[in-house]
Amino acid sequence: MESEKWLQELFNKLRERLGEEYQVTKVEKPTLNSAGKVQIGIVKNGERTGILLNLEPGKVQRLKTGIGLEEEVDFLVERYLEKRSVLCKELLAGEWFERMKERIVYALERMEGNEEALKHIPWVLLRNIRMLIKSVSP
């Protein structure tokens, strides 16, 4: 199959299986640990948050040749529904964030001595200071 034609065909089949109320797109700025993978974002109309699915490099090569398209669509729909069943409705609709945003605080921390912790905690560089993002319980 041609360069991106296989991907468009995959998206069309996914939309067909999921229904017209779903938007299926290729993620242009993939998340960490996605080197060599194609990331697909699926968002249901009316929801603020979507779900990411990964196509592994080996599957991408097979799909580019036109092999296994239907099987991959079946697999992706199954993975999407599985991930969706784990997420609560409030999270997908954005209501969870509205409740949580009041509990998010920022804390200034030194870089020195916190290198290991900073690998696992979200932070923003503000001038030469790391600002950590934390959630506080009520």
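Everything discussed here concerns the structure shown above.
None of these values were measured; they are calculated from a predicted model.

Moving on, we come to the pattern of salt bridges. What the rule picks out here adds up to three salt bridges. Across the salt bridge formed by D74 and R17, the nearest N and O atoms sit 2.4 Å from each other. Remark: R17 occurs in helix α1 (residues 5–18) and D74 occurs in helix α3 (residues 69–86); sequence separation between them is 57 residues. Its relative accessible area of 39% is what places D74 among the partly exposed residues.

Pairing within the open sheet is antiparallel, and its three strands lie in the order β1-β2-β3. This sheet does not close on itself; its edge strands, each paired only once, are β1 (22–26) and β3 (51–55). Mean inter-strand twist for the sheet, computed between neighbouring axes without regard to direction, equals 25°. Pairing of strand β2 (residues 38–44) with β3, which is carried by five bridges, proceeds in the antiparallel orientation. Each residue of the ladder has a partner; that of V38, found in β3, is L55.

Glancing now at the nonpolar core. In terms of nonpolar packing, the biggest core is built from 21 residues, with L10, L14, I40, I42 and L55 touching the most fellow members. Those elements giving two or more residues to this core turn out to be α1, β1, β2, β3, α2 (57–64) and α3. In terms of residues, this core owes the most to one element, α1, which gives six residues.

Rules behind the numbers
- Residues numbered from 1 in each chain as written.
- Predicted model: local features only at pLDDT ≥ 70, side-chain atom pairs only at ≥ 80, totals over all residues.
- Heavy atoms only, no water.
- Salt bridge = Lys/Arg side-chain N within 4 Å of Asp/Glu carboxyl O.
- Helix = DSSP H or I, 4+ residues; strand = E, 2+ residues; numbered from the N terminus.
- Buried < 20%, exposed > 50% of the residue type's maximum accessible area, 1.4 Å probe, protein only.
- Pairing = 2+ DSSP bridges.
- Axes fitted to C-alpha atoms, helices over the stretch in contact; angles between N-to-C directions.
- Core = buried A, V, L, I, M, F, W, Y, C linked by side-chain atoms within 4.5 Å.

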